[in-house]
Amino acid sequence: LPVEAIKMAIEKDGLKPEQVNGDTIYQALEKNIKEFDTGGLTGPLTISADNHSAARFAKVYQIQKGIQTPITGWVKSPHITRFEDIKK
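This one's a predicted model, so the numbers in the text were calculated from it and none came from an experiment.

Enquirer: Help me understand the overall build of the protein chain in this model?
Expert: When its secondary structure is counted, the protein chain shows three helices and four strands. Scanning the protein chain from its N terminus toward the C terminus, one meets helices and strands in the order α-α-β-β-β-β-α. When burial is assessed residue by residue, the protein chain has 24% of its 88 residues classed as buried. Counted over contacts in the protein chain with a minimum sequence separation of 6, partners at least 24 positions apart contribute 28%. Looking at the protein chain as shown, the accessible area adds up to about 6,200 Å², and 58% of this sits on carbon and sulfur atoms.

If you want it as structure tokens, here you go:
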């Protein structure tokens, strides 16, 4: 997602590459990640100012012979309201 946020900060928010930093990436994630398709790794992801967990469940995958293969069932993701909450 950080790579997508960088692209969105430049393409959607109109920033120049040299203007992209941690804060602008953080803002781009909250503003632009809506129903983001992960190719089946999770359901569509959405990040907002009050919910940074993006997805409620995910699977762990492994690439086997060039194919994404699930190696777990669905695993519940923790709810993270803000990045600052996990730094404590």
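Enquirer: Hey, could you run me through the packing of helix H1 (residues 2-11) against helix H2 (residues 22-32) in this one?
Expert: When two helices pack together, their arrangement is given by the angle between the helix axes and the distance between those axes. Following both chains from N to C, one finds H1 and H2 inclined at 90 degrees, their axes separated by 8 Å at the closest point. Here H1 is positioned roughly perpendicular relative to H2, judged by the angle of their axes. Residues Pro2, Ala5, Ile6, Met8 and Ala9 of H1 lie in contact with H2, whose contacting residues are Thr24, Ile25, Ala28, Leu29 and Asn32. Among the residues forming the contact of H1 with H2, the class breakdown is eight nonpolar, two polar and no charged.

Enquirer: Honestly, the environment of Thr24 in this entry has me stumped. Any pointers?
Expert: By secondary structure assignment, the location of Thr24 is in helix H2. Residue classification places Thr24 among the buried residues on the basis of a relative accessible area of 14%. As for Thr24 and Ala5, which are separated by 19 residues in sequence, their C-alpha atoms are 8.7 Å apart. Every residue in contact with Thr24, bar those within four places of it in the chain, is listed here: Ala9, Leu15 and Gln19. At 2.7 Å, the side chain of Thr24 and the backbone nitrogen of Asn21 are in polar contact.

Enquirer: Explanation requested: the confidence of the model for the protein chain in the structure shown.
Expert: Low-pLDDT portions of the prediction should not be read for the details of their coordinates. Within the protein chain, residue pLDDT values average 81, and 81% of them lie at 70 or more. Averaged pLDDT values over the elements of the protein chain bottom out at 57 in helix H3 (residues 83-87) and peak at 91 in strand E2 (residues 61-64).

Enquirer: Help me understand unusual backbone geometry in this model?
Expert: Most peptide bonds take the trans form, and the phi angle of most residues other than glycine is negative. Its identity is not glycine, yet Glu35 carries a phi of approximately 55 degrees, on the positive side. Summarising the element assignment, Glu35 is placed in the loop between H2 and strand E1 (57-58). Of note, Lys65 is a non-glycine position whose phi angle comes to about 55 degrees, a positive value. Along the chain, Lys65 falls in the loop between E2 and strand E3 (67-70). Classification of Lys65 by relative accessible area gives exposed; the value is 85%.

Enquirer: Quick question: what am I supposed to make of the nonpolar core here?
Expert: Taken as a class, soluble globular proteins show a tendency for nonpolar side chains to be buried jointly. If you look at the biggest cluster of nonpolar residues, it comprises nine residues: Ala5, Met8, Ala9, Val20, Ile25, Ala28, Leu29, Ile33 and Ile47. Going through the elements one at a time, H1 and H2 are the ones with two or more residues in this core. Residues contacting Ala5, with those up to four places away along its chain left out, are Ile25, Ala28 and Leu29.

Cut-offs used in this document
- Residues numbered from 1 in each chain as written.
- Predicted model: local features only at pLDDT ≥ 70, side-chain atom pairs only at ≥ 80, totals over all residues.
- Heavy atoms only, no water.
- Helix = DSSP H or I, 4+ residues; strand = E, 2+ residues; numbered from the N terminus.
- Buried < 20%, exposed > 50% of the residue type's maximum accessible area, 1.4 Å probe, protein only.
- Contact = heavy atoms within 4.5 Å.
- Areas by Shrake-Rupley, 256 points an atom, 1.4 Å probe, with all protein chains shown as cover.
- Axes fitted to C-alpha atoms, helices over the stretch in contact; angles between N-to-C directions.
- Parallel < 35°, antiparallel > 145°, perpendicular 65-115°, else oblique.
- Nonpolar A, V, L, I, M, F, W, Y, C, P; charged D, E, K, R; others polar.
- Polar contact = N/O pair within 3.5 Å; in protein donor to acceptor, adjacent residues only side chain to side chain.
- pLDDT = per-residue confidence, 0-100.
- Core = buried A, V, L, I, M, F, W, Y, C linked by side-chain atoms within 4.5 Å.

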